[in-house]
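Listed below are the residues making up each chain.
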Amino acid sequence: MASTEALDVIPIDADHCEAVWPLSVEAGWNQNVADWRFMLGAGRGFGCVAADGKWQASSLVLPLGQKLAWISMVLVTKDRRRGGLGTGLLKHCIDEVTSAGAVAGLDATEQGRPIYLPLGFRDLYRISRWHFEDVKDTAIPPPAGVRLRPVGPADLPRLALYDRPLTGMERPAILAHLAQRQPGRAWIAEDEAGKIAGFVLGREGRTATSLGPVVADSEVIALALIARAAASAPGPFIVDVPQAHRVVRAWLQDQGATTPRGYMRMTLGEAKGIDDPAHLFALAGPEMG
């Protein structure tokens, strides 16, 4: 197995987004160049290149506040897999996070989880990735006294303040980026006093539109937001939902959604609020938390 000392790890910055994008395409992932550009600008990328200058592997550390950072985009091209390259980059990212005094978080696939457990990561909760083509129920009303409206620029600071205590993440830049990427998918729920009761954002991907994050006071509000965002333009869609949310799961099944894969949310250490998905109804994606 490759050690972090043996690897020739170099930084990946936003200027490399088009060059590293083929790694996620080869893996069949949904990220597009815009995703890579944002993540490499907001976080810190690390990777390895071949003698011809082509990227062979990548990894990413995305800060979600001073005490939490997300590890993602650990990718290795097919001809370099099973040689310890991915594990070496993962350990490099862990060192980056822990040396900063932060907790590392990630969303593990079934194949990745056995690698993370011996490194000290602990399970938090399971997540299902749902795929669906379009929505049958396009108008699910929110509860009485709650209204939905499009997110505007003035709402962005309020969204970040609402999001932080409910998810344990500090991600104003991510929320602002997603709201601007797909304005038609960005909706906010408010009560009669104008207090935020939830929001949904989305982004276009390589093969499907990703709906999320969805954060809300209740599952009924979250479902109204998801349906409204999905109805704003055609699919196909993907949405990553914690398995605890049965109402959302039942609605997705009614839309003909399928869930061919899932994730386990894990952390290396404890971060306040991150282990409770009571108000987190859909992820921003396993790459963004």
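These numbers were taken from a predicted model, which means no experiment stands behind them. (Residues numbered from 1 in each chain as written. Predicted model: local features only at pLDDT ≥ 70, side-chain atom pairs only at ≥ 80, totals over all residues. Heavy atoms only, no water.)

**Quick notes on the overall build of the chain**
So, point 1. On a plain count of helices and strands, the chain comes out with 8 helices and 13 strands.
So, point 2. A compact globule built from 289 residues should have a C-alpha radius of gyration of about 19 Å, and the chain, at 19 Å, falls within 12% of that.
So, point 3. Along the longest, intermediate and shortest principal axes, the C-alpha atoms of the chain span 60 × 35 × 35 Å.
So, point 4. Across the 289 residues of the chain, 54% fall into the buried class. (Helix = DSSP H or I, 4+ residues; strand = E, 2+ residues; numbered from the N terminus. Rg over C-alpha atoms; globule rule 2.2 N^0.38 Å. Buried < 20%, exposed > 50% of the residue type's maximum accessible area, 1.4 Å probe, protein only.)

**Focus: the pairing of strand β11 (residues 237–242)**
So, point 1. Burial within β11 is extensive, with 6 of its 6 residues counted as buried.
So, point 2. Judged by which residues are buried, β11 turns out to be covered on both faces: F237, V239 and V241 on one side and I238, D240 and P242 on the other are all buried.
So, point 3. Bridging between strand β6 (residues 122–132) and β11 involves 6 bridges; their strand directions are antiparallel. Its bridge partner lying in β11, W130 is registered against V239.
So, point 4. Here 2 bridges tie strand β10 (residues 209–216) to β11, and the two strands are oriented parallel to one another. Bridge pairing links T209 to F237 in β11. (Pairing = 2+ DSSP bridges.)

**So, helix α2 (residues 33–42)**
So, point 1. Considered for burial, the residues of α2 that qualify are V33, D35, W36, F38, M39 and L40.
So, point 2. Backbone nitrogen of A34 and a side-chain oxygen of the N-cap are separated by 3.1 Å at the start of α2; the cap is N32. (Polar contact = N/O pair within 3.5 Å; in protein donor to acceptor, adjacent residues only side chain to side chain.)

**Section: the packing of helix α7 (residues 219–231) against helix α8 (residues 246–254)**
So, point 1. Two elements in contact, α7 and α8, have axes whose closest approach is 9 Å; the angle formed by their N-to-C orientations is 30°. With respect to their mutual orientation, α7 and α8 come out roughly parallel. Where α7 crosses over α8, the handedness of that crossing is right-handed. Taken together, the residues of α8 that come into contact with α7 (itself represented by E219, L223, I226 and A227) are R246, V247, V248 and W251. (Axes fitted to C-alpha atoms, helices over the stretch in contact; angles between N-to-C directions. Parallel < 35°, antiparallel > 145°, perpendicular 65-115°, else oblique. Left-handed = near helix turned anticlockwise from the far one by under 90°. Contact = heavy atoms within 4.5 Å.)

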